[in-house]
Amino acid sequence: MPVFCLNENEVSFPDPTLARSDGLLAVGGDLCVERLLLAYTHGIFPWYNPGEEILWWCPKDRFVIFPKEIHVSRSMKKYMKKHELKIMLNRDFADTMHRCRIKREFAEGTWITDEMEAAYSRLHQAGYALSVEVLEDDVLAGGFYGVAIGRCFFGESMFSEKENGSKTALIAFARLLEQEGFLFMDCQFYTEHLASMGGRFLSWEEYSRLLDEGINGNK
């Protein structure tokens, strides 16, 4: 499949099913709020290295967590009982996103550039991007950020300042999403960490059906 080149002056994407086998769909465009919203509502997201053009991805096999299926191990249950935990939404979106960037840069490199931080801050100001944080005994332990549209949540990146910090935030948020009727948490790609939390693959057909139901209310 070819990789499509986007025009900065036109907010549009090719059919997501035209993505390559590795998930790459298009290159170029910009990170304006309108384009990001159009992307996420069609299962597309940006992911690229510093210095590259913007790359847009749409993996055919999608890794997701269903909120009601979040896995809480025996050790996590003990940990959560042992500590006083406080979960917050949007404590400080910019700080949380930047912490995700710093942690990834230190460990393995990151796609969270200045351009990405600015774009998702605009998306946050528009009411779509949000951050989740957890305090352990009044000390920031971890968190993550992502995009919520309709009844779908699209996770982007996590950080931990203490052991189990991001896990605790994910468990608490999954329970909140279940209460609010959200259909899934899109993890985008497989990781062992997210698999251990209950993540599993969906076919593109099943994912796109749930995406349509969550965004448009169509079953």
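In the block above lies the structure referred to throughout.
Residues numbered from 1 in each chain as written. Predicted model: local features only at pLDDT ≥ 70, side-chain atom pairs only at ≥ 80, totals over all residues. Heavy atoms only, no water.

K.L.:
Please set out the environment of Val132 residue by residue, giving values where relevant.
P.N.:
Inspection of the secondary structure puts Val132 in strand E7 (residues 129–136). Spatially, the C-alpha atom of Val132 lies 8.5 Å from that of Gly142, the residues being 10 residues apart in sequence. For Val132, the contacting residues outside a window of four places in its chain are Ile87, Met88, Leu89, Gly142, Gly143, Phe144, Ala169 and Phe173. (Helix = DSSP H or I, 4+ residues; strand = E, 2+ residues; numbered from the N terminus. Contact = heavy atoms within 4.5 Å.)

K.L.:
With reference to specific residues and values, describe the packing of helix H2 (residues 74–82) against helix H5 (residues 165–179).
P.N.:
For the pair H2 and H5, interaxial distance at closest approach is 11 Å and the crossing angle is 90 degrees. Considering the angle they form, H2 stands roughly perpendicular to H5. Here Met76, Tyr79 and Met80 of H2 lie close against H5, whose contacting residues are Lys167, Thr168, Ile171 and Arg175. Of the residues belonging to the contact of H2 with H5, the class tally is 4 nonpolar, 1 polar and 2 charged. (Axes fitted to C-alpha atoms, helices over the stretch in contact; angles between N-to-C directions. Parallel < 35°, antiparallel > 145°, perpendicular 65-115°, else oblique. Nonpolar A, V, L, I, M, F, W, Y, C, P; charged D, E, K, R; others polar.)

K.L.:
If you had to explain the sheet that holds strand E3 (residues 45–46) to someone new, which residues and values would you point to?
P.N.:
Strand order in the open sheet made by the 4 strands is E1-E2-E4-E3, with mixed pairing throughout. The open sheet has two free edges, formed respectively by strand E1 (4–6) and E3, since each of these has just one partner strand. As judged from the 3 bridges shared by strand E2 (residues 24–28) and strand E4 (residues 55–57), these two strands associate in the antiparallel manner. Within the sheet, the bridge partner assigned to Ala26 lies in E4 and is Trp56. (Pairing = 2+ DSSP bridges.)

K.L.:
Before we move on, could you go through the sheet that holds strand E8 (residues 139–149) and cite the residues and values that matter?
P.N.:
The mixed open sheet is built from 7 strands, whose spatial order is E6-E7-E8-E9-E10-E5-E11. Of all the strands in the sheet, the pair left with one neighbour each is strand E6 (85–89) and strand E11 (200–202). Averaged over all adjacent pairs, the angle separating strand axes in this sheet is 35 degrees, with direction ignored. Strand direction decides the pairing type here: E8 and strand E9 (residues 152–160), joined by 8 bridges, are antiparallel. Each residue of the ladder has a partner; that of Gly142, found in E9, is Ser160. On top of the sheet, helix H4 (residues 114–125) reaches E7, E8 and E9; it is set at about 95 degrees to E7, its chief contact.

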